[in-house]
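Residues per chain, in single letters:
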Amino acid sequence: MIRFIVIIALFFAVLALSPILLDDPGYILISVSNNVYELTVYAALFWITATLVILFVSYKIARGGFKISFKAWHTVAFANRRRGIANFNKGLAAYMLEDYQGAEQLFAKSAEPAKRQQSAYLLAAAAAAKQELAANTNHYLALLEQETAKLKSSDPASVIVKVKLLMNQARSEAYKKARTLIDENHKQIGHDTRLLTLEIDLCLLEKRFEAAVDYLATARKDKAITEAVIQAWEAKAYYGAFTDIICQQDQTSLQNYWKSLARKVKQRESVLFSYCRVLAEQNIVEPLTKLISPMLKKQPHASFLKQLRTLPIKQSEPLIAIVQKHLHSDSQNAQWLSCLGHLAVMSEQWSMAERAFGSLVKLDANQQEKQYDKQDLQALAKALTEEGQYQAANEVWFKVNEFA
């Protein structure tokens, strides 16, 4: 719109000046040093216009040529980086498609050209770990360590992945490297759930059970960690700690350690049964019986009874007596029949075990759902075998194999 107005204004200006210039073209005198140049107004306008046009065209040509040459230089100079980025993206696709060998090669090839050394080496190490190539994994982790050393601070996520890759190798040397990395970032454990989780897992792998127990208090305060995960940790950590004490010291030291635990800790099933398992394995009968009997006299829930049958209690007669009292008042109770059968198997009372499991299996005929499970059938088959009833035992083993 502005250009149109300017053109109209020039048009009317030319119409106004044309009659004057036609009658009297006018003259322009230019004196430079001792030289005098005389031009008409028409000639001056022509040369001024021509000069401006030439300068404008020259500017456009020069500018366009500079753009073309810069673009060409940019294309040549960054071609290698573009290929690196393309290989990095192909590596990601290969990793997602579980082509770990191809992904490893592409990430290694793209690290330097793409200027993504940390990400590429980390992913190459992960791809090598998927192939269980420990040497390749450690090679890429070493390259990653060199790149990390150039930076002022390390990325927590990168540290976590490196620790996981080392722990997955299941080798003492790898565990030592993982321990070094975690210790270097020890201050972040209380602030980063992932590092806390790795610390506990690594302590369990290193068999530093008491250290793992100490971290469990912090883990219980972290809402991001589920109760199931904590219970699994507690079972391993406390079982290891109890076993170390009884093996390295004595029974008195073990009982003193148990008494020193907080009441709410001792009431957790994961901790309680870890202690009971160690007592049962060491055939420490009296403390074990005193601990389980009060709870067994009450009405324990199903999970307690299922865990009880996994304990290797060789002298279970006092516990059998308690279970039989429950069955006197409720002879068709599937949980108590199962518990009696397993306790009888533990103490090698095969006929009692056969009767208990036999009654349990018969309950199934009147129920829509099975009242027994695979462990019950396995224990029954063992009892029948010990009694010499091999054909009956084989029939039970067939049921075990068919059990859903």
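The numbering scheme is per chain: residues are counted from 1 as the chain's sequence reads. Only residues with pLDDT of at least 70 are given local features in this predicted model, and only at 80 or more are side-chain atom pairs given and counted; all residues enter the totals for whole chains, interfaces and linings. Side-chain metrics in this entry use all non-hydrogen atoms of the structure; hydrogen atoms and water are not considered.

Draft legend 1. Molecular detail of the environment of D376. Strands are runs of DSSP state E lasting at least 2 residues, helices are runs of H or I lasting at least 4, and numbering of each runs from the N terminus. Here D376 shows up in helix α20 (residues 374-386). Spatially, the C-alpha atom of D376 lies 9.9 Å from that of L337, the residues being 39 residues apart in sequence. In what follows, residue pairs with any heavy atoms lying within 4.5 Å of each other are defined as contacts. The contacts of D376, once residues within four sequence positions are left out, are R309, S338, H342, F357 and L360.

Draft legend 2. Region of the structure containing the pattern of salt bridges. What counts as a salt bridge is simple: a side-chain nitrogen of Lys or Arg found within 4 Å of a carboxyl oxygen of Asp or Glu. If you walk through the whole model with that rule in mind, you get 10 salt bridges. A salt bridge links R179 to E199, with the nearest nitrogen and oxygen atoms 2.9 Å apart. Pair noted here: R179 is in helix α8 (residues 172-184) and E199 is in helix α9 (residues 193-205), with a separation of 20 residues, a long-range link. Only protein chains enter the calculation, and the probe is 1.4 Å; a residue is then buried if its accessible area is under 20% of its type maximum, exposed if over 50%, and partly exposed in between. When its relative accessible area of 13% is taken as the criterion, R179 is described as buried. Put simply, K290 and E286 hold a salt bridge, and the shortest N to O gap is 3.2 Å. Within this pair, K290 and its partner E286 are both found in helix α15 (residues 285-297), separated by 4 residues, close to a single helical turn. In this pair, the class of K290 matches that of E286, namely exposed.

Draft legend 3. Focus on the nonpolar core. Core analysis: the largest hydrophobic core is formed by 107 residues, its most contacted members being Y238, F242, I292, L296 and I313. The dominant element in this core, judged by the number of residues it contributes, is helix α18 (residues 334-346), at 9 residues. Those residues in contact with F242 that sit more than four places away from it in its chain are L254, Y257, W258, L261, V271, S274, Y275 and V278. Here, the term nonpolar core denotes a set of buried Ala, Val, Leu, Ile, Met, Phe, Trp, Tyr and Cys residues that are joined through side-chain atoms within 4.5 Å.

Keep in mind these values describe shape, not function.
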